[in-house]
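Results of the structural survey
Take a look at the letters that make up each chain.
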Number of protein chains: 4
Amino acid sequence: MIFEMVKSKVVAHISYFIGSQNEAVVVDPRRDCGVYVEIAQREGMRIRYVFETHRNEDYVIGSRELAHLTGADIYHGPWPDFEYGETVRDGQEFFFGKLRVTAIYTPGHTPGCVSYAVADLDSGGETVLVCTGDTLFVGDVGRTDFGGPERKEWSENLYDSIFNKLLPLGDHVVLCPAHGSGSVCGGRIADRELSTLGLERLTNPLLQMSREEFVEHKVEEHHEYAPYFRTMERLNIKGAPFVGCGPNPPPLKPSEFKEKAGEGAIIVDTRPPPGFGAGHIKGSYSLYLSRLGLGGWVLPYDKPILLVLGSQEHLDYVARSLVRMGYDDLGGYLAGTIASWYKEVLPVEGLGLMTVADLRDRLEEDGDWVVLDVRSRDEWEEGHIEGCTNIYVGLLQQRLDDVPEGRPIALICKSGTRSSFASSILQRAGRRNVHNVLGGMDGWKKAGYPVTK
Amino acid sequence: MIFEMVKSKVVAHISYFIGSQNEAVVVDPRRDCGVYVEIAQREGMRIRYVFETHRNEDYVIGSRELAHLTGADIYHGPWPDFEYGETVRDGQEFFFGKLRVTAIYTPGHTPGCVSYAVADLDSGGETVLVCTGDTLFVGDVGRTDFGGPERKEWSENLYDSIFNKLLPLGDHVVLCPAHGSGSVCGGRIADRELSTLGLERLTNPLLQMSREEFVEHKVEEHHEYAPYFRTMERLNIKGAPFVGCGPNPPPLKPSEFKEKAGEGAIIVDTRPPPGFGAGHIKGSYSLYLSRLGLGGWVLPYDKPILLVLGSQEHLDYVARSLVRMGYDDLGGYLAGTIASWYKEVLPVEGLGLMTVADLRDRLEEDGDWVVLDVRSRDEWEEGHIEGCTNIYVGLLQQRLDDVPEGRPIALICKSGTRSSFASSILQRAGRRNVHNVLGGMDGWKKAGYPVTK
Amino acid sequence: MIFEMVKSKVVAHISYFIGSQNEAVVVDPRRDCGVYVEIAQREGMRIRYVFETHRNEDYVIGSRELAHLTGADIYHGPWPDFEYGETVRDGQEFFFGKLRVTAIYTPGHTPGCVSYAVADLDSGGETVLVCTGDTLFVGDVGRTDFGGPERKEWSENLYDSIFNKLLPLGDHVVLCPAHGSGSVCGGRIADRELSTLGLERLTNPLLQMSREEFVEHKVEEHHEYAPYFRTMERLNIKGAPFVGCGPNPPPLKPSEFKEKAGEGAIIVDTRPPPGFGAGHIKGSYSLYLSRLGLGGWVLPYDKPILLVLGSQEHLDYVARSLVRMGYDDLGGYLAGTIASWYKEVLPVEGLGLMTVADLRDRLEEDGDWVVLDVRSRDEWEEGHIEGCTNIYVGLLQQRLDDVPEGRPIALICKSGTRSSFASSILQRAGRRNVHNVLGGMDGWKKAGYPVTK
Amino acid sequence: MIFEMVKSKVVAHISYFIGSQNEAVVVDPRRDCGVYVEIAQREGMRIRYVFETHRNEDYVIGSRELAHLTGADIYHGPWPDFEYGETVRDGQEFFFGKLRVTAIYTPGHTPGCVSYAVADLDSGGETVLVCTGDTLFVGDVGRTDFGGPERKEWSENLYDSIFNKLLPLGDHVVLCPAHGSGSVCGGRIADRELSTLGLERLTNPLLQMSREEFVEHKVEEHHEYAPYFRTMERLNIKGAPFVGCGPNPPPLKPSEFKEKAGEGAIIVDTRPPPGFGAGHIKGSYSLYLSRLGLGGWVLPYDKPILLVLGSQEHLDYVARSLVRMGYDDLGGYLAGTIASWYKEVLPVEGLGLMTVADLRDRLEEDGDWVVLDVRSRDEWEEGHIEGCTNIYVGLLQQRLDDVPEGRPIALICKSGTRSSFASSILQRAGRRNVHNVLGGMDGWKKAGYPVTK
């Protein structure tokens, strides 16, 4: 038995390649699905089935292209009405190599969620692992807020799926969720990619609650809904266009870059926040590598995206990450990175950069400063600078009216990355006197400065 | 938390790289330990500790070189007296990143065996995984026959370690043993590299027994002791010489190869059995890639080893595999493989090759044929050809007197690989009229020919 | 300036990636053209032009797919009428980075051959290198036999192109031909991938001749025309179907393999000749890795091809090599290679294997033996075994009537690889008592056995 | 014949792997020499000889370790007295595979320089390529200033070596020098890694001169002598310590990093100039990846070096580059890069960053500004800002007294990288009001601002 996790950083997505003898299955493949073909070729296996745990909202699934490449059959749950593949039946079994996969309906995160339990027939058919999609994570459970008015019912279903369908499989079963820490699909997923149903039963905070507490918690829990989700949902119902060997945006000379930007292309600058603050192309979004996924809040699908990279080596990561979010129209990247822009004497603009000590000094000196904390509401509630405003970075572009004008603004998040993105949103909106606090609340707390709850 | 298995095929060895934040530990590193340094560099981690579960018998451990490269501290158990590293205390705790490792004395396989339980402090300190070395495998437990006269006591200790030390950690704990299927350290290790203590409790045949049954079984169980084990034990007590970036045997022209062979070097031919049977250099051992580990039964440490490869791409795998077993004196490999030998008109010899149908025909026609089944005693007992002799391939070289002379011999194993090795042992000993049965007992049974128990 | 050779072994093809600053061109790309995209991404370059030196006959060109992936413009010569791309003008110049490419009409090998001279504008515009396609090779020149009745004229053109167009560029110009040693496009291409026009002027045997001698030589020179050339020509005029990330034939269980073979699929066994001789699936062609290109003589385009590999690592090489020759219908490969066939007790057949000493003994003992030398006519004329018949391996399938029946046959080539292929052709045709001479004429000569011219 | 260039970016070094059949030679191997062993293993070759063209001054040669790994013999020229290897004789020939190497004494750059001409015996023994070390480059020739008082004689020798020894080999010979563009061993090496003796004869500006002009030019030519050269010379005479699989500096937490820096370790910040300017650890040198080699001007050998990386992927490149310059004492790198420093609220300092337009504005507004141009004297002489001072960046640390104090300083180079390094040197020396001009003279000229010669 071969078991391999394939992780996609930007959306903290995890897919699974599970093989035995000369056959394999893939659960929740990513869009650029060559990686599974490579594993199959290396191991001498044929991919027989592609299983989807649910209609994903945060990334484009690669089932259709993988099936096209391998001849595999695709199965997904009973909701919504997919335009490709087959609907799996609750309890349906699939045999390949010496393994058996059993589909288990686990509604809750969506009405059509399915988990896939994998048993080893050589060990008497006991379940070895279960792929739970967005139903159960390490340290968290799936969101139910997509249910809207039916959120309560979805939350009840989720509880029942976990307690009546999954946990009964046994403490010994290895947990294989569709997301790890950092995903937008669960706010508190643990930073550990190894768990079992027993470990979750014992330590997952949500599983310590009664059904009533659980449902109440899930109904009141706060989540954001990024605009790009809608596109993901649409693409995942009908099956996204194929990407072949992956995206190939061309290098652009500064003049070409400038021309495309002038025609409405959107600029994404993936350099670290200090370099972005020191100088960037006017109108750029600051989306550092590790936070590229936040682009889903602001990037449109109907305009080309232009890239400013910190290093040529990052091209593949950045381009693939965007394609996994459905951004196929990559117009190119700035050849020679920002240095070539300076050499061509094209206009740059900077940003105020502050340390937490600078911020404290400003606040003490000058009552005029606005502090805007762009972390999530949950993070903000756990402790923030007195008097600051909280607008989640993802919502900032829509809530510009809530940001006072005419006063110096300091943007803060946990470390300085999301606040760099927020700063760039304000600058794009024409705001001046914008400052990014490097070190963020981590630094502020470390320095022992006062925090309010 | 980063968790990575590093597998070494030839001895079915598994080591573990476990990291958190900027720190990591390695459990039971292999000898060519650059792989751990590469993971550490990729993840931005420093290897702080190297943990050994026990004095290994079947491969050379790389702790000392890894510590040299990284500054890590080495810990091992209280037996035997190692000439390097520190002895860990039962219950001793180590903290790194957000993880805690607890050493648990689990004597049985040897008196000094230690397991290492890893807990995630972010999840309340519950044990997530346990590295069990050769104490508990997937579907099997460690050998106790190294105990010799104390075998019964060691077996009792093993039972107690498993039932009183490991299983109480909880069904939910992921099992991380030092070996997978195919290892000589456990005859029945399952072909699945994913398990938990709960899964073993439920399905491991050994764990279904009472303490009395278990001990009796372990005392009577049959294992072979390959001669190279002694060298492994010796090297692992004092720490083996460093291997740097790995072995680098040179290509040899046929004339150079012939000269070295003439001076006493040993020839290992790693081509598939049919090619070996069709023609090979006189005196070669037939050790196909997947069964290279069997070389430990016959290869001396005081003579250079010469290689005949099936493909230039196999050089690295073959050379590293031998070095992992302590064979550092690799004299070179035949440039241009066997084709160059034919072109130089140097002497080759062949082997009789038969299908199972051929064998049945011979046996029906001619009472003179000897069938030698070279599988392990356990395999033989589960069903063999009537009238055949069983000598385990590893013991064949020492038991040549038990092989009848002057009659045609057909060698058979499961599929034809070990019998090719056995055939080469007989040929080296001067036997003629030696035949390898391709397809082996798998084919014989598939064909529906009669089998006795 | 970046200069990178991309070599494709099976057809001894060489293509060129030439870049400067952020722009690049590719000359004669291979079909699976991802490699050029990867170089471009690594170097931060955009591929602006794809240049074809001529309509290739021996491999499928990847221009159209590469242009599709990168937006490059394709240029080729004035003959034949291509269904894609632009026709370059004689003397037409292209500028990219700090380089200039000049197209030079060099008819001869075909009427539409073009060479591309690359100059470095930073060095005063002197020509640095010239891509000569099949016009001029290292140690040889292009074939002119495709000219048929116009062969003489084509040969004259070739001479004039070399002497009046290429050599005048200067001795100092680096030569970049489209093929290296082993190509069917030139029988005597040297085994050295580095040359200059000056070195060719001094050492290329063809360039030492007078125009008259040259033309006479080219008109009388012997070449074979493999049947697959016709398909290559057809595909290269209209542009071949895209291959995406490359071929992905599935593993087949022995039973599946057998079924497909029974339905007419063709079996290609890429194991080394000794293993093939020891036993293979009835009806297989023996096409060892290094000689896979010979498949173009016998493999049809309207039936699936099934593979028997010597090693799982060879899958990619074998599948890509076949796709480069237009064999897109790869039905799969035998899972577990030949060993699994034996274990399923499916029918195998062997081949007689002989050393050169065996052959000499047979010939001395028994006048009945037929020796069939399957090397090219040129090789045969340089020395062969007295009394043997010469049929070039590529022509053997069509000339079976010229092979005597009812007598034992020994097949010989240079080393034993082509004769293994030839042996398999005879066996497929129902011949029995077929023997492959391992070591071949190289061994025969080495042994000092008599040779006739 | 296999011919492979192995390039090491930081010192613009080129070494050569040349093989034929199963044998190979390496010319001027770099210190971390595993790359040659890998090529040899891939190609099935044994490295027989290591040839050194001269005692290198700018990087540590890897001959001794490569010989240790492979058993190769080392040869070098007659000067100076090396403590390892053999001295080659003028005209000495070496045969391997089907090639012949002939040593040609070519004194000039040093009295002991040797070139190695490689001929293909299959092509009648004509020279195919020549490895010229630092004697002849693409577009330039070697420095002769190491000759000190004997510089004139060395220059004469260089001329004679080129004109009487190398060029007579023929225009057709491929040139293989030891350095490419960007090397300190030749100020004007062309940005093209492909040349021939004929192309140099035609286009190399130095080869257009008469002997008298050439010698005069070389005697008057300006070169800098970086302090680390002395260490390179010393190490290359006796043979440097082995580096095994390469350097392995550990990640350091901010507190550990700070502690080591406090104990005297030197900080090298390899992030791009804008990020460095935005904020860096006090006392850091700004040495961006592409200009790391400049570290040889200021980095001591008796203190540990600490790294601040822009990206974890750069670790290997940075560490290897420093080791190639003999900096073996790498104390570690900042874990989590500069972001972790901010989060720990440790002290940072910034730098003034200006565009060229900013600079022009400052100069127009305020007569107090000092412009310091840190390019080489040659670059400066080709055009600079009126009134600026020129101190070559490498010399700045020693010439601090020549930099006016108490006034705002703008540092400028070609693009902004060397001036970032220069800025960091001034800051380390306690200077304040230091500004780096991004875009540099390239930008200044592009903007059309006035330039003086």
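The model shown is predicted, which means the values in this text are computed figures rather than measured ones. (Residues numbered from 1 in each chain as written. Chains lettered and ligands numbered in written order. Predicted model: local features only at pLDDT ≥ 70, side-chain atom pairs only at ≥ 80, totals over all residues. Heavy atoms only, no water.)

1. What about unusual backbone geometry?
All names here are of chain A. Here the bond from W79 into P80 is cis, since omega is -10 degrees, no more than 30 degrees from zero. Structurally, P80 is set in the loop between β5 (73-76) and β6 (86-87). Positive phi is not limited to glycine here, since D28 has a value of about 55 degrees. Here D28 is to be found in the loop between β3 (23-27) and α1 (34-43). The buried category is assigned to D28, whose relative accessible area is 2%. (Helix = DSSP H or I, 4+ residues; strand = E, 2+ residues; numbered from the N terminus. Buried < 20%, exposed > 50% of the residue type's maximum accessible area, 1.4 Å probe, protein only.)

2. What to know about the domain arrangement of chain A
Residues and elements named next belong to chain A. What the domain assignment lists for chain A is domain 1 (2-238), domain 2 (251-343) and domain 3 (352-446). Look at where the C-alpha atoms of domain 1 and domain 2 centre, and you get two points 32 Å apart. Taken together, the contacts link 17 residues of domain 1 with 14 residues of domain 2. Between domain 1 and domain 2 the total buried area reaches about 1,300 Å² when both faces are included, carbon and sulfur atoms providing 63% of it. When residues of domain 1 are sorted by the area they lose upon contact with domain 2, V10, R31 and Y228 head the list and together hold 44% of the total. (Domains from an automatic or database assignment. Contact = heavy atoms within 4.5 Å. Buried area = accessible area lost by both parts, 1.4 Å probe.)

3. Description of the layout of surface pockets
Roughly 610 Å³ of volume is contained in the second largest pocket. What lines the second largest pocket is a set of 30 residues, and nearest its centre among them are A:G246, A:P247, A:N248, C:H68 and C:L69. (1 Å grid on protein atoms, 1.4 Å probe; cavity = no way out; pocket = protein on both sides within 12 Å on 5 of 7 lines; lining within 4 Å. Points joined across faces, edges and corners; volume = space filled by probe spheres on them.)

4. Describing the state of the cysteines
Scanning the entire structure with this criterion turns up two disulfides over all chains. The side chain of A:C245 participates in a disulfide bridge whose partner is C:C245; the two sulfur atoms lie 2.2 Å from each other. Residue A:C245 is located in the loop between α6 (228-238) and β12 (251-252), and its partner C:C245 is located in the loop between α6 (228-238) and β14 (251-252); the two belong to separate chains. We note that C:C131 lacks a disulfide partner, and the nearest cysteine sulfur, in C:C176, lies 4.7 Å from it. For D:C33, which is in no disulfide, the shortest distance to another cysteine sulfur is to B:C245 and amounts to 8.1 Å. (Disulfide = S-S within 2.5 Å.)

5. Examining the sheet that holds strand β10 (residues 127-133) of chain B
All names here are of chain B. Strands sit in the order β7-β8-β9-β10-β11 across an open sheet of five strands; the sheet is mixed. Each edge of the open sheet is held by one strand with a lone partner, namely β7 (93-96) and β11 (174-177). Put simply, the sheet's adjacent strands are angled 20 degrees from each other on average, direction ignored. The pairing of strand β9 (residues 114-120) with β10 spans four bridges and is classified as antiparallel. Across the sheet, the residue bridging to A119 is T127, located in β10. (Pairing = 2+ DSSP bridges. Axes fitted to C-alpha atoms, helices over the stretch in contact; angles between N-to-C directions.)

6. Some points on the packing of helix α3 (residues 151-166) of chain B against helix α5 (residues 211-220) of chain B
Residue and element names in this part refer to chain B. Following both chains from N to C, one finds α3 and α5 inclined at 135 degrees, their axes separated by 9 Å at the closest point. Taken together, α3 and α5 sit at an angle that is classed as oblique. Regarding α3 and α5, the two cross each other, and that crossing is right-handed. From α3, R151, K152, S155, E156, L158, Y159, D160 and I162 reach across to α5, where they touch R211, F214, V215, K218, V219 and E220. Of the residues belonging to the contact of α3 with α5, the class tally is six nonpolar, one polar and seven charged. (Parallel < 35°, antiparallel > 145°, perpendicular 65-115°, else oblique. Left-handed = near helix turned anticlockwise from the far one by under 90°. Nonpolar A, V, L, I, M, F, W, Y, C, P; charged D, E, K, R; others polar.)

7. A look at the nonpolar core
Residue and element names in this part refer to chain C. The biggest cluster of nonpolar side chains holds 76 residues, and the ones touching the most others in it are F17, I47, L299, L372, L396, L411 and L426. Sorting elements by how many residues they give to this core places helix α9 (residues 315-324) first, with five residues. In contact with L396, not counting residues within four places along its chain, are L372, I391, V403, L411, A422, I425 and L426. (Core = buried A, V, L, I, M, F, W, Y, C linked by side-chain atoms within 4.5 Å.)

8. Quick look at a negative patch on the surface
All names here are of chain A. A contiguous patch of negative charge on the surface is contributed by E212, E213, E216 and E220. Turning to its location among the elements, E216 is positioned in helix α5 (residues 211-220). On the accessibility criterion, E216 (47% relative accessible area) is partly exposed. (Patch = residues over 30% accessible without salt bridge, like charges linked within 9 Å, V, L, I, M, F, W, Y side chains within 5 Å. Areas by Shrake-Rupley, 256 points an atom, 1.4 Å probe, with all protein chains shown as cover. Salt bridge = Lys/Arg side-chain N within 4 Å of Asp/Glu carboxyl O. Lys, Arg positive; Asp, Glu negative; His and termini not counted. Charge placed at Lys NZ, Arg CZ, Asp CG, Glu CD.)

9. Points about the side chain of D:H172
Here D:H172 is to be found in the loop between α3 (151-166) and β11 (174-177). At 3.3 Å, the side chain of D:H172 and the backbone oxygen of D:T127 are in polar contact. Not counting residues up to four positions away in its chain, the partners in contact with D:H172 are C:D171, C:T196, C:G198, C:L199, C:L202, D:E126, D:T127 and D:V128. (Polar contact = N/O pair within 3.5 Å; in protein donor to acceptor, adjacent residues only side chain to side chain.)

10. Considering the relation of the copies chain B and chain C
Of the transformation placing chain B onto chain C, the axial shift is 0.0 Å and the rotation is 180 degrees, giving an RMSD of 0.0 Å. Both copies of the chain, as the preceding transformation shows, are related through a two-fold rotation axis. Relative to the rotation axis, the closest C-alpha in chain B is found at B:G275, a distance of 1.9 Å. When the interface residues of chain B are mapped onto chain C, 100% of them again lie at the interface, so the same face is used by both copies. (Least-squares fit on C-alpha atoms with pLDDT ≥ 70 in both.)

11. What to know about the interface of chain B and chain C
Counting residues at the interface gives 23 residues for chain B, matched by 23 residues for chain C. Here chain B meets chain C over a buried area of about 1,900 Å², counting both sides, of which 70% is carbon and sulfur. When residues of chain B are sorted by the area they lose upon contact with chain C, B:Y342, B:K343 and B:V345 head the list and together hold 28% of the total. The tally of links from chain B across to chain C stands at three salt bridges. Residue B:D442 pairs with C:K343 through a salt bridge whose shortest N-O separation is 4.0 Å. Here chain B is connected to chain C by four residue pairs in polar contact (both at pLDDT 80 or more). Broken down by secondary-structure element, the contributors of at least two residues to the side of chain B that touches chain C are α8 (273-278), α10 (337-343) and α14 (440-446) of chain B. Its residues placed into classes, the side of chain B that touches chain C shows ten nonpolar, seven polar and six charged.

12. Considering the environment of C:S415
Residue placement: C:S415 occurs in the loop between β24 (409-412) and α13 (418-428). Given the relative accessible area of 23%, C:S415 is considered partly exposed. Sequence separation of C:S415 and C:G439 is 24 residues, and the distance between their C-alpha atoms is 4.5 Å. Excluding residues that lie within four positions of it along the chain, C:S415 makes contacts with B:K343, C:V437, C:L438, C:G439 and C:G440.

13. What to know about the sheet that holds strand β22 (residues 409-412) of chain A
All names here are of chain A. Spatially, the five strands line up as an open sheet ordered β19-β23-β22-β20-β21, and their pairing is parallel. Each edge of the open sheet is held by one strand with a lone partner, namely β19 (352-354) and β21 (389-390). Where β19 meets strand β23 (residues 434-437), three bridges bridge the pair, whose relative direction is parallel. Residue pairing in the sheet places M354 in a bridge with V437 of β23. Along the sheet face, helix α11 (residues 356-365) touches β19, β20 (370-373), β22 and β23 and points at about 100 degrees away from the line of β19. Packing against the sheet, helix α13 (residues 418-428) makes contact with β22 and β23, and its axis sits at approximately 175 degrees to β23.

14. Side note on the pattern of salt bridges
Residue and element names in this part refer to chain A. Taken as a whole, this structure holds 140 salt bridges over all chains when the rule is applied. Two residues, D442 and K414, come together in a salt bridge whose shortest N-O distance is 3.0 Å. One end of the pair, D442, is in helix α14 (residues 440-446); the other, K414, is in the loop between β22 and α13, and 28 residues separate them in sequence. Since its relative accessible area comes to 23%, D442 is described here as partly exposed. Here K414 falls in the partly exposed class, since its relative accessible area comes to 39%. Residues joined in a network through salt bridges with shared partners are R30, D32, D316, R320 and R324.

15. Considerations on helix α9 (residues 315-324) of chain B
In terms of residue burial, α9(B) counts as a mostly covered element, since seven of its ten residues are buried. Buried within α9(B) are the following residues: B:L315, B:V318, B:A319, B:S321, B:L322, B:V323 and B:R324. Contacts made by the buried residues of α9(B) are with β1 (2-8), α6 (228-238), β16 (305-308) and β17 (330-334) of chain B together with α1 (34-43) of chain D. Positive phi appears at B:G326, one or two residues downstream of α9(B), with a value of about 85 degrees.

16. Here we look at the interface of chain B and chain A
The partner chain A presents 20 residues to the 20 residues of chain B that form the contact. Carbon and sulfur atoms make up 69% of the surface buried where chain B meets chain A, a total of about 1,900 Å² over both sides. Considering only the surface of chain B that becomes buried against chain A, B:M1, B:H172 and B:L194 emerge as the three largest contributors, covering 31% of it. Across the contact surface, chain B and chain A share two salt bridges. The tally of links between chain B and chain A comes to eight residue pairs in polar contact (both at pLDDT 80 or more). Mapped by element, the contributors of at least two residues to the side of chain B that touches chain A are β10 and α4 (197-203) of chain B. Among the elements that take part in the side of chain B that touches chain A, α4(B) stands out by supplying four residues, more than any other. In terms of residue class, the side of chain B that touches chain A is made up of eight nonpolar, six polar and six charged.

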